[in-house]
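Observations on chain architecture
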Amino acid sequence: MTPRAADRARYDRATAALDAPLALVDLEAFDANADDLVRRAQGKPIRVASKSVRCRALLERVLARDGFAGIMSFTLAESIWLARAGFEDVLLAYPSADRDRFAELAADPKLAAAVTVMVDDPAQLDLVDRARDRHDLPVRVCLELDTSLRLLGGRVRVGARRSPLREPAQLAELARAVVRRPGFRLVGLMAYEGHVAGVGDAIAGRPVRSRAIRLMQAAARRELAARRAEVVRAVRAVAPDLEFVNGGGTGSVQHTAAEDAVTEIAAGSGLYVPRLFDNYTSFTGRPAALFAQPVVRRPGVGVVTVLGGGYPASGAAGVDRLPVPYLPEGLRYDPQEGAGEVQTPLLGTAADDLLIGDKVWFRHAKAGELCERFDELHLVEGDRITATVPTYRGEGRTFL
């Protein structure tokens, strides 16, 4: 029996009394992935990206481990919800225009102490001021640095379009604006190198493209390490008491941790290890989060149909954004139908061994987006479910 076949047998035994669709997290794999992230972080604390987990029980589990500290959230409403639930260090990774939540944040001492908001434009400070009473508490602020790699004199850009702040002087100028402005406190700097941390460099069957990605990422790491160090020096000259400099992501943990200027690493997807994180030379994780769909039809030889399954991930549309049939091994989509909202035909010889009601296990392309489809996660240890916990959706929270 192959390791994947053994996992399938365990998951089928653990969920034998449950009907699919359902989702599970293998805690042994989850914990092993957490250990690997800590090893690669080389002693620097890891701030957990909640977007990639979206389950409070699992956020609590990983934050109870040595090597993890703080949350990186994705909306201001989520940040406040987490802070009210007892999480004491929440960094909002994206700028917000939620005026009601800004008013709530600035009026509550507990929230104002726990939540840090992201800023890359003075207009965002204006929005906060318009949303709150002038006598409210200071708002903690983090500045974001654009990490994209510019080539050919800036004519070619590699990396996400995030912050407009790129050069040390730009960051220092906004830092001065924050420091001088009543009602704000500059505490952090963030730089997320998604073109390194979130892009696999070992694409199956694409050796030339993989080589090109590795060359690009090596150049990007060198350029960013030098520029990030300059930016940190410039910002610390304005705000000597800066509490943290956050960088990295699952795919770049060890590289970012090696930079002296960085004080903490962000990571989250590496806990679940979705399919987009299979293609890296720098680490190998264990798939920890899966979902099962039931076989509801057997249309013919070499084909079964499962209920639902059309759960594409965000980003540029493509085959790589689809979940992948994982267990049993050897199943694939019908290219004429793909993953359907209501039903999904699957092809392959493995289909002939599946009966009506059997489970087919899938891996999502991304990590936390899986939780937008399920109210709960079944936590599996060995071949038993040891707990069932709500996702954000299961707690009635859909933040985006």
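Residues numbered from 1 in each chain as written. Predicted model: local features only at pLDDT ≥ 70, side-chain atom pairs only at ≥ 80, totals over all residues. Heavy atoms only, no water.

An unreviewed UniProt entry lists the protein under the name Amino acid deaminase/aldolase, with Streptomyces crystallinus given as the organism.

What to know about the nonpolar core
Core analysis: the biggest nonpolar cluster contains 96 residues, and Leu-58, Val-141, Tyr-272 and Leu-377 have the highest contact counts within it. Residue contributions to this core peak at seven residues, all from helix H10 (residues 207-238). Residues in contact with Leu-377, not counting those within four places in the same chain, are Ala-23, Val-25, Cys-55, Leu-58, Tyr-272, Cys-371, Ala-387, Thr-388, Val-389 and Thr-391. Core analysis: the next-biggest nonpolar cluster, separate from the first, contains 11 residues, Ala-14, Leu-24, Leu-290 and Trp-361 among them. (Core = buried A, V, L, I, M, F, W, Y, C linked by side-chain atoms within 4.5 Å. Buried < 20%, exposed > 50% of the residue type's maximum accessible area, 1.4 Å probe, protein only. Helix = DSSP H or I, 4+ residues; strand = E, 2+ residues; numbered from the N terminus. Contact = heavy atoms within 4.5 Å.)

A closer look at the pairing of strand E12 (residues 289-300)
Here strand E1 (residues 22-26) runs beside E12; their pairing, made up of four bridges, is antiparallel. Considered in E12, the bridge of Ala-23 is made with Phe-291. Here four bridges tie E12 to strand E17 (residues 359-363), and the two strands are oriented antiparallel to one another. When the sheet's bridge partners are listed, Ala-292 is paired in E17 with Trp-361. Hairpin connection from E12 to strand E13 (residues 303-307): two residues lie between these consecutive antiparallel strands, with Gly-302 at a positive phi of about 75°. (Pairing = 2+ DSSP bridges.)

So, the packing of helix H2 (residues 27-41) against helix H3 (residues 56-63)
Contact pair H2 / H3: the axes reach a minimum separation of 11 Å and the direction vectors enclose 45°. If you check the angle between H2 and H3, you find them oblique. Crossing hand, H2 versus H3: right-handed. Mapping the contact onto sequence places Leu-27, Phe-30, Asp-31 and Ala-34 in H2 and Leu-58, Arg-61 and Val-62 in H3. Among the residues making up the contact of H2 with H3, the classes are represented as five nonpolar, no polar and two charged. (Axes fitted to C-alpha atoms, helices over the stretch in contact; angles between N-to-C directions. Parallel < 35°, antiparallel > 145°, perpendicular 65-115°, else oblique. Left-handed = near helix turned anticlockwise from the far one by under 90°. Nonpolar A, V, L, I, M, F, W, Y, C, P; charged D, E, K, R; others polar.)

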